[in-house]
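Structural description and commentary
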Amino acid sequence: EKNDELKYRKHLFTKALEVLNEREKEIIKLRKLKDIPLKLEELSKKYKISRERVRQIEEKAIEKIKKEILNLT
């Protein structure tokens, strides 16, 4: 039963990620899904934007994910 719940949650999260654009997906993956997450500074250099802009993109992406999960359930 726990395994089924985990599979369901993983499916929901994977489907929710589909609403993000490529940059949002990559920022979420690098900031939240890695064992050692990248820092805002590292991503700001990669994308040539400010740390604050990276943080804003991350925050907006998280909100999109939450909204999509609610729509899927």
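Residues numbered from 1 in each chain as written. Predicted model: local features only at pLDDT ≥ 70, side-chain atom pairs only at ≥ 80, totals over all residues. Heavy atoms only, no water.

A few words now on the overall build of the protein. Across its full length, the protein holds four helices and zero strands. N-terminal to C-terminal, the α/β element order of the protein is α-α-α-α. For the protein, the spread of C-alpha atoms along the principal axes amounts to about 45 × 25 × 15 Å. Relative to its full complement of 73 residues, the protein shows a buried share of 23%. Nonlocal contacts in the protein, meaning residues at least 24 apart in sequence, comprise 56% of its contacts between residues at least 6 apart. Accessible surface for the protein amounts to roughly 5800 Å². Of this, 51% is attributable to carbon and sulfur atoms. (Helix = DSSP H or I, 4+ residues; strand = E, 2+ residues; numbered from the N terminus. Buried < 20%, exposed > 50% of the residue type's maximum accessible area, 1.4 Å probe, protein only. Contact = heavy atoms within 4.5 Å. Areas by Shrake-Rupley, 256 points an atom, 1.4 Å probe, with all protein chains shown as cover.)

A few words now on the confidence of the model for the protein. Counting all residues, the mean pLDDT for the protein is 93, and 100% of those residues have values of 70 or more. Per-element confidence in the protein is highest for helix α3 (residues 40-47), whose mean pLDDT is 96, and lowest for helix α1 (residues 2-17), whose mean pLDDT is 88. (pLDDT = per-residue confidence, 0-100.)

To continue, consider α1. Between the first and last C-alpha of α1 there are 23 Å, a value that for 16 residues agrees with the 22 Å anticipated at 1.5 Å per step. Every buried residue of α1 is accounted for by L12, A16 and L17. Looking down the long axis of α1, one finds its buried residues gathered within 135° of arc, a one-sided arrangement. Residues of α1 that are exposed and angled more than 90 degrees away from the buried face: D4, K7 and K10. Elements in contact with the buried residues of α1: α2 (22-32) and α4 (51-72). (Expected span 1.5 Å × (residues − 1). Arc of directions from axis to C-beta.)

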